[in-house]
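# Structure at a glance
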Amino acid sequence: MATSARVGLIRRLWRGAPWSRNPLMGGFHRLEIVAVAVTLTFVLLMVPIAAAIGTVYYANSSERAQSERDTRQQVVAVLLEDSRPSAPDDDPRIPRESDYAPARWFVDGVEHIGPLQTPSGAVAGQEITVWVDADALPTTAPQSGIHAGLDGVALAVTVWFLSAGAAIAALYVLHRIGLRRRMAQWDREWEAADHRPSR
């Protein structure tokens, strides 16, 4: 019995294929069936493509993160003044609405002085830890490998989701157009039937 059901399903699918000679299947309906098959194929093909994009991004991010870890280091800086809120004309590297103060730090025995972002209420003489780059300038902490991996996964999922969403949206628009065409055709056929002379 299960075999008969499968055979019946295969026959129905075959009759619903775009190459079917069924006179009730219009040209636009056949186009919709082809569009469904193309969309499904596209969505499935985008899985390895999105994964490849995410992998490339992860590799580049990992290389950049490793470079940051190799060129950045933490140093101890001593505040030269009490901290105060940053002003529009202050160092652009310091985020707005944060406190800062001039500070002194040493890298390879060379003294450096400049403004640093500080905790609120920091006072002169207080020591803070800061990341500096290869030029001994204040910078952000290096990116971690885990962060790069998460970014790669997020990018892959985003690429696949947007691609699949766009394809499905286009298929939905095509379906709505086909539905309107069929409804208009049925209306014309009903109108023609109403005007036929009765026997």
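One can find the structure itself at the top, above this paragraph.
Each chain carries its own residue numbering, running from 1 in the direction its sequence is written. Totals for whole chains, interfaces and linings use all residues, but because this is a predicted model, local features are given only for residues with pLDDT of at least 70 and pairs of side-chain atoms are given and counted only at 80 or more. Excluding hydrogens and water, the side-chain figures rest on all heavy atoms present in the structure.

Our focus in this paragraph is the overall build of the protein chain. The secondary structure listing takes helices from DSSP runs of H or I that are at least 4 residues long and strands from runs of E that are at least 2 residues long, numbered from the N terminus. From N to C terminus, the protein chain includes 3 helices and 5 strands. Each helix and strand of the protein chain, ordered N terminal to C terminal, gives the series α-α-β-β-β-β-β-α. Residue burial is assigned from relative accessible area. The probe radius is 1.4 Å, only protein chains are included, and a residue is buried under 20% of its type maximum, exposed over 50%, and partly exposed in between. Counting every position in the protein chain, which comprises 199 residues, the buried fraction comes to 26%. Contacts are assigned to residue pairs that have any heavy atoms within 4.5 Å of one another. Partitioning the contacts of the protein chain with sequence separation of at least 6, the portion at a separation of at least 24 is 56%. Note on areas: Shrake-Rupley, 1.4 Å probe, and residue coverage restricted to the protein chains presented here. In the structure as shown, the protein chain presents an accessible area of about 14200 Å², 63% of it carried by carbon and sulfur atoms.

As a further point, take the nonpolar core. Residues A77, W105 and L116 are the most contacted members of the largest nonpolar core, which totals 13 residues. Within the residue set of this core, elements represented by two or more residues are β1 (73–79), β3 (99–107) and β5 (127–132). The nonpolar core is taken to be a set of buried Ala, Val, Leu, Ile, Met, Phe, Trp, Tyr and Cys residues, with the residues joined through side-chain atoms within 4.5 Å.

One non-glycine residue, D108, lies in positive phi territory at about 55°. Looking at the element boundaries, D108 is found in the loop between β3 and β4 (110–118). Its identity is not glycine, yet A136 carries a phi of approximately 65°, on the positive side. Examined against the element boundaries, A136 turns out to sit in the loop between β5 and α3 (145–194). Judged by relative accessible area, which is 5%, A136 ranks as buried.

Here we come to the side chain of S163. With respect to the helices and strands, S163 occurs in helix α3. Discounting residues that sit within four places of it in the chain, S163 has contacts with F42 and M46.

Where burial is concerned, the two faces of β5 differ: the one with I128, V130 and V132 is buried and the one with E127, T129 and W131 is not. Paired strands, in this sense, are two strands between which DSSP finds at least two bridges. Bridge analysis of β1 against β5 gives 6 bridges, and the strand direction is antiparallel. For Q74, the partnering residue across the bridge sits in β5 and is W131.

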